[in-house]
Amino acid sequence: MKMRNVAIAISLALPMTAMAAEERLSVLCSADMEWCQLMKNRFEAESKIKVSMIRKSAGEAYAKIRAEASNPKSDIWWGGTGDPHLQAAAEGYTEEYKSPTLPKLQPWALKQAETAKYRTVGIYIGILGLAYNENVLKKKNLPPPQCWKDLVKPAYKGEIEMANPNSSGAAYNALATVVQLFGEEEAFDFLAKMGQNVSKYPNAGVAPGEDVGRGEAGVAIGFMHDLMKLTVAGFPVKVLPPCEGTGYEIGSMSIVKGAKNMEQAKKFYEFALRPDVQSEAVKALAFQIPSNTAATIPAASPRLENIKTINYDFAKYGASDTRKRLLQRWTTQIYSAGN
């Protein structure tokens, strides 16, 4: 009888032992959910590491990492515009790591890593643009916008959506872009006038485009790769870069300082930089330009060389003091004034 009890005890303990030995990884993902899920599924299948993944916009992800700095809940932060990644790096919330894959990356991806002292790395480029719903504008007899300055015209009152830059990396990129294009004072004058035409500032960067796709708004500001998904899906949406020039993001990846699963985080880091993995993004309708020089650029992706872009200063506008000051000014002068 005693032997039988011992055997039962051992059999009960075995699954617990196996569970304790299972490798795990906690990923904070700031790309679209479909892409996040694709990365999770493929990494789990290849590595046999169990992944728990939370999807948050870039600004929300930064806030989460900052709030949990004394006891990190995430191991690696993948995706999302690079400005908050740079801010996290400058404030010491992310880990220095020099990947052996760095020599195979595009120059802009390397520059992102160098700027952050190797506490982040570029994984894709996304270009900022405008989208409009052809049916909505035709019904209301409105001309399609071509430029940033078109967005202040009274005819567009209630028709424009831009996300909240406090939570959305895309919207902060737009804020920093117009400041670099027009100078800060003129940019905030522009944003105040445009704000009279904005119906709402949702938290997620993809939300304005989705509302334009559904015909709930006429014009959206966002990243062209997100907006192109609507066109590819058959919505009556046209996407274009503003005529004055536009900004762009360097989507980034960072290992969280003090990650509890550091070795697994480095495995995911290397996985995410591989050309075959980056080339699969199109399966999730992700049309960003990948950072590995051997990765395939999706056919529907906007081409950087064909678009007038500004010389976006990632070091300055990704710096903590600049971000905090601009966001505070936007919240006080633009958001609070309209709510």
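Look up: the structure comes first, before these words.
As the structure is a prediction and not an experimental result, all values here were calculated from the model. (Residues numbered from 1 in each chain as written. Predicted model: local features only at pLDDT ≥ 70, side-chain atom pairs only at ≥ 80, totals over all residues. Heavy atoms only, no water.)

A. Seen up close, the overall build of the chain. Scanning the chain from terminus to terminus reveals 14 helices and 10 strands. For 339 residues, the compact-globule estimate of 2.2 N^0.38 gives 20 Å, and the C-alpha radius of gyration of the chain, at 22 Å, lies within 12% of that figure. Over its C-alpha atoms, taken along the principal directions, the chain stretches across nearly 85 × 40 × 40 Å. Taken over 339 residues, the chain has a buried fraction of 54%. (Helix = DSSP H or I, 4+ residues; strand = E, 2+ residues; numbered from the N terminus. Rg over C-alpha atoms; globule rule 2.2 N^0.38 Å. Buried < 20%, exposed > 50% of the residue type's maximum accessible area, 1.4 Å probe, protein only.)

B. A look at the nonpolar core. In this structure, Trp78 and Phe268 are the most contacted members of the largest nonpolar core, which totals 83 residues. In terms of residue count, helix α7 (residues 169–182) provides more of this core than any other element does, nine residues in total. Leu28, Trp77, Ala88 and Tyr93 belong to the second largest nonpolar core, which has eight residues in total. (Core = buried A, V, L, I, M, F, W, Y, C linked by side-chain atoms within 4.5 Å.)

C. Highlighting the environment of Glu44. Of note, Glu44 is situated in helix α2 (residues 33–47). Residue classification places Glu44 among the buried positions, given a relative accessible area of 17%. Between the C-alpha atoms of Glu44 and Leu25, which are 19 residues apart in sequence, the distance is 9.7 Å. Filtering out sequence-adjacent residues up to four positions away, Glu44 remains in contact with Ile49, Lys50 and Val51. (Contact = heavy atoms within 4.5 Å.)

D. The state of the cysteines, seen in detail. Within the structure shown, the criterion is met by two disulfides. Note that Cys29 is cross-linked by a disulfide to Cys36, the S-S spacing being 2.0 Å. Judged by the torsion about the S-S bond (-85°), the Cys29/Cys36 disulfide is left-handed. Looking at Cys29, the relative accessible area reads 0%, which means it is buried. A sulfur-sulfur separation of 2.0 Å characterises the disulfide bridge that pairs Cys147 with Cys243. Across the disulfide from Cys147 to Cys243, rotation about the S-S bond amounts to roughly 115°, and the bridge is consequently right-handed. (Disulfide = S-S within 2.5 Å.)

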